[in-house]
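Each chain, letter by letter, is given below.
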Amino acid sequence: MRVRAYMAGVAAVAMLTGCGGLDLQSGGAQTAAKPDSAAVADARDKLDGLDVKGRAPKTGFDRDEFGPAWADVDRNGCDTRNDILKRDLEDETFKPGTHDCIVLTGTLQDPYGGKTIDFERGQTTSSKVQIDHLVPLSDAWQKGAQQWSAAKRKEFANDPLNLLAVDGPLNGQKSDSDAATWLPPRRSYWCAYIARQVDVKAKYGVWVTSAEKDAMRRILDDC
């Protein structure tokens, strides 16, 4: 099956610079794209290379173990949440005087559910669009991150490869689930979702459970 290149091609990821510094990978209008056959084959190879172990206890997990939420890791003046909003939303407007760092409004073509969502920054409205960790922090904690340095955990939590602007309620529904227990309701995004999770886990050495690997393999085999 011939399909459009995954995220403009995993092998040649587009480097989109948000707010002047952070390399913002795999987002924007390309979030609906499916992996091509080469990218799927690469994901299968990477999946085969991941360690398979049981889930470790969640003991000691805390969001703070991954550094301050949405830190400005590249010191470009924009926090990571706004960097990802700027990457993934369309028709953005920005707070004056912030050098296009603070996103006030925009439109999200949600990859998880397929809806068009109007984003408006505000105490009661911002949560309509949330930034998902494709590999949840808690999942990573139970699959290797407990042994990482604080610097590596902070990098993981703010890596654009692992971040995606999505429908807020669907992100809440996903919570800290892995691929064995939750998939986006939009089936056409499953291939890209799994391929990107595999990319993240391979990059950081996060292991998978046997059930998770089986679920990932089934999806990639159907891509």
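Structure: above.
One structure accompanies this document, and this report is about it. (Residues numbered from 1 in each chain as written. Predicted model: local features only at pLDDT ≥ 70, side-chain atom pairs only at ≥ 80, totals over all residues. Heavy atoms only, no water.)

Examined against the element boundaries, T105 turns out to sit in strand β4 (residues 103-109). The residues touching T105, leaving out its near neighbours within four places in the chain, are D91, E92, T93, F119 and E120. Within the structure, T105 has its side chain in polar contact with the side chain of T93 (distance 2.5 Å). (Helix = DSSP H or I, 4+ residues; strand = E, 2+ residues; numbered from the N terminus. Contact = heavy atoms within 4.5 Å. Polar contact = N/O pair within 3.5 Å; in protein donor to acceptor, adjacent residues only side chain to side chain.)

This brings us to the nonpolar core. Ranked by size, the top nonpolar core spans 21 residues in total, and within it L47, Y112, L164, Y189, Y193, I194 and M216 carry the most contacts. For this core, the secondary structure elements donating two or more residues are α1 (37-49), β7 (163-167), α6 (190-204) and α7 (210-221). Counting residues per element, this core draws most heavily on α6, at six residues. Ranked by size, the runner-up nonpolar core spans 13 residues in total, among them V135, A145, L161 and V200. (Core = buried A, V, L, I, M, F, W, Y, C linked by side-chain atoms within 4.5 Å. Buried < 20%, exposed > 50% of the residue type's maximum accessible area, 1.4 Å probe, protein only.)

Here three strands make up an open sheet; going across it, the order is β3-β4-β5 and the pairing antiparallel. The open sheet has two edge strands, β3 (90-94) and β5 (116-120), and neither has a second partner. Neighbouring strand axes in the sheet, compared pairwise and without regard to direction, differ in orientation by 10° on average. As paired strands, β3 and β4 are joined by three bridges and run antiparallel to one another. Paired with E90 across the two strands is T107, which belongs to β4. (Pairing = 2+ DSSP bridges. Axes fitted to C-alpha atoms, helices over the stretch in contact; angles between N-to-C directions.)

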